[in-house]
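Here's the letter readout for the chains.
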Amino acid sequence: MIFDVMTLFPEMIEDYLSHSIMKRALSNDVFTVNTINPRDYTLNKHKKVDDTPYGGGAGMVLMAQPYVDAYESIKKLENSQTIMLSPQGKPLNDGMVNELATFDQLILMCGHYEGFDERIREIVKPREISIGDFVLTGGELPALCLIDAVSRKIEGTLGKIESADEDTFSNGLVEYPHYTKPREYRGLKVPDVLLNGNHKEINEYRLQQSIERTKIKRPDLYEKWSKTCD
Ligand code: 58G
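Residues numbered from 1 in each chain as written. Predicted model: local features only at pLDDT ≥ 70, side-chain atom pairs only at ≥ 80, totals over all residues. Heavy atoms only, no water.

1. Describing the packing of aromatic side chains
The tally for this structure, following the rule as stated, stands at three aromatic pairs. Between the aromatic rings of tyrosine 222 and tryptophan 225, the centroid separation amounts to 5.9 Å while the plane-to-plane angle is 35°, which identifies the pairing as tilted. Pair noted here: tyrosine 222 and tryptophan 225 are both in helix H8 (residues 219-229), with a separation of three residues, about one helical turn. Classification of tryptophan 225 by relative accessible area gives buried; the value is 17%. When the ring centre of tyrosine 71 is taken as origin, the NZ or CZ atom of lysine 76, which lies over that ring, is 4.2 Å away. (Phe/Tyr/Trp six-rings, centres within 6.5 Å; stacked < 30°, edge-to-face > 60°. Helix = DSSP H or I, 4+ residues; strand = E, 2+ residues; numbered from the N terminus. Buried < 20%, exposed > 50% of the residue type's maximum accessible area, 1.4 Å probe, protein only. Lys NZ or Arg CZ within 6 Å of the ring centre and 35° of its normal.)

Listed below in structure tokens is the structure:
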């Protein structure tokens with residue numbers, strides 16, 4: 001899988017991906033991340049990528065030409081999709097992440113300032129995705145959220161031990177509580193059931209905990225989950 005990230009700040013993308021599990025997956029060629037900087041496609045001598053809005057108002061708007069030319073310079077694979085990260089997009093969820101993981105290439109468009117000249121949308125016609133109902137100063141964090149969430153669904157990113165299908169949301173429930181050493185910390189003990197080696201009992205306990213916690217912490221998810229159970 002290839003992620004092509006259009007961004008004015010490629011270091012933001014590269015820095016995050018140079019750590020931990022992302023770094024391991026990249027060095028194992030599980031997926032590839034390229035950055036494309038629209039500033040490299042400017043035609044003016046000051047490499048200006050933004051300008052004041054027609055009609056007035058605060059802030060700057062990203063100019064169409066550098067973004068469109070940068071977009072057109074990207075080699076498109078057959079099974080490819082272009083995504084603009086924006087608060088106007090459809091909110092990302094686990095189902096969408098699974099669907100996005102079926103593409104061979106995702107082109108991610110990150111904006112800044114007050115957003116994009118509308119003609120970028122009209123020409124590129126990207127799918128718009130949001131990571132939640134709030135506004136950020138740039139699309140890089142949402143792009144990284146998407147890359148992280150999608151890449152961990154790809155075979156080879158996570159180890160067997162870190163498997164994604166036991167996680168919150170894959171079964172519609174939040175996760176059960178986890179414990180590690182020591183057996184007692186500040187008088188708080190690890191539940192006995194986790195120490196007895198009976199895996200049938202452990203699985204039952206964990207499922208019960210997942211259900212209870214979902215009911216309390218995420219009643220919205222619990223409603224959905226109980227409906228899929230009838
Ligand atoms: C309004 C404001 C429209 C994604 C800013 C477009 C991107 C939040 C999300 C923008 C983002 C999200 C400029 C900065 C997009 C542009 C970017 N903020 N919720 N900000 O996924």
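Alright, that's what it looks like, and here's the rest.
2. Structural notes on helix H3 (residues 64-72)
Considered for burial, the residues of H3 that qualify are Ala64, Pro66, Tyr67, Val68, Ala70 and Tyr71. Each element contacted by the buried residues of H3 is listed here: strand S1 (2-6), strand S2 (32-36), strand S4 (61-62), strand S5 (80-91), strand S6 (105-109) and helix H5 (118-124). (Contact = heavy atoms within 4.5 Å.)

3. With respect to the packing of helix H7 (residues 199-217) against H8
Packing of H7 against H8 brings their axes to within 5 Å, and their N-to-C directions diverge by 125°. Between H7 and H8, the angle is such that the two are oblique. Residues Ile211, Thr214, Lys215, Ile216 and Lys217 of H7 pack against Pro219, Leu221, Tyr222 and Trp225 of H8. The residue makeup of the contact of H7 with H8, split by class, is six nonpolar, one polar and two charged. (Axes fitted to C-alpha atoms, helices over the stretch in contact; angles between N-to-C directions. Parallel < 35°, antiparallel > 145°, perpendicular 65-115°, else oblique. Nonpolar A, V, L, I, M, F, W, Y, C, P; charged D, E, K, R; others polar.)

4. Details of unusual backbone geometry
Residue proline 182 is reached from lysine 181 by a cis peptide bond, and omega for that bond is 5°. As for its placement among the helices and strands, proline 182 is situated in the loop between helix H6 (140-151) and strand S8 (184-185). Even without being glycine, lysine 47 reaches a positive phi, approximately 55°. Inspection of the secondary structure assignment puts lysine 47 in the loop between S2 and strand S3 (50-51). Unusually for a residue other than glycine, lysine 125 sits at a positive phi of about 50°. As for its placement among the helices and strands, lysine 125 is situated in the loop between H5 and strand S7 (127-130). In this structure lysine 125 comes out as exposed when scored by relative accessible area, which is 66%.

5. Regarding the sheet that holds S2
Here five strands make up an open sheet; going across it, the order is S2-S1-S6-S5-S7 and the pairing parallel. Strands with a single pairing partner mark the edges of an open sheet, and in this sheet they are S2 and S7. Across this sheet, the average inter-strand angle for adjacent strands is 30°, counted without regard to direction. As defined by bridge partners, S1 adjoins S6 across five bridges and the pair is classed as parallel. From the neighbouring strand, valine 5 faces S6, where its bridge partner is leucine 108. Helix-sheet contacts for H3 involve S1, S2, S5 and S6, and the interaxial angle to S1 is about 160°. (Pairing = 2+ DSSP bridges.)

6. What to know about H8
Of the positions making up H8, those classed as buried are Leu221, Tyr222 and Trp225. For H8, the arc enclosing every buried residue in end-on projection is 100°, short of the 170-degree limit, so these residues lie on one face. The exposed residues of H8 that point more than 90 degrees off its buried face are Lys224 and Lys227. Buried residues along H8 sit in contact with H7. (Arc of directions from axis to C-beta.)

7. Some details on the site of the ligand
The environment of the ligand is made up of 18 residues, and the closest members are Ser130, Ile131, Gly132, Phe134 and Leu136. Serine 130 places a polar side-chain atom, nitrogen or oxygen, 3.2 Å from a nitrogen atom of the ligand. With respect to the ligand, the backbone of glycine 132 contributes an N or O atom lying 2.8 Å from a nitrogen atom. Ranked by residues supplied to the shell around the ligand, first place goes to S5 with four residues. Residue composition of the shell around the ligand, by class: eight nonpolar, 10 polar and no charged. (Near = heavy atom within 4 Å. Polar contact = N/O pair within 3.5 Å; in protein donor to acceptor, adjacent residues only side chain to side chain.)

Keep in mind that these numbers describe shape and distance, not what the molecule does.
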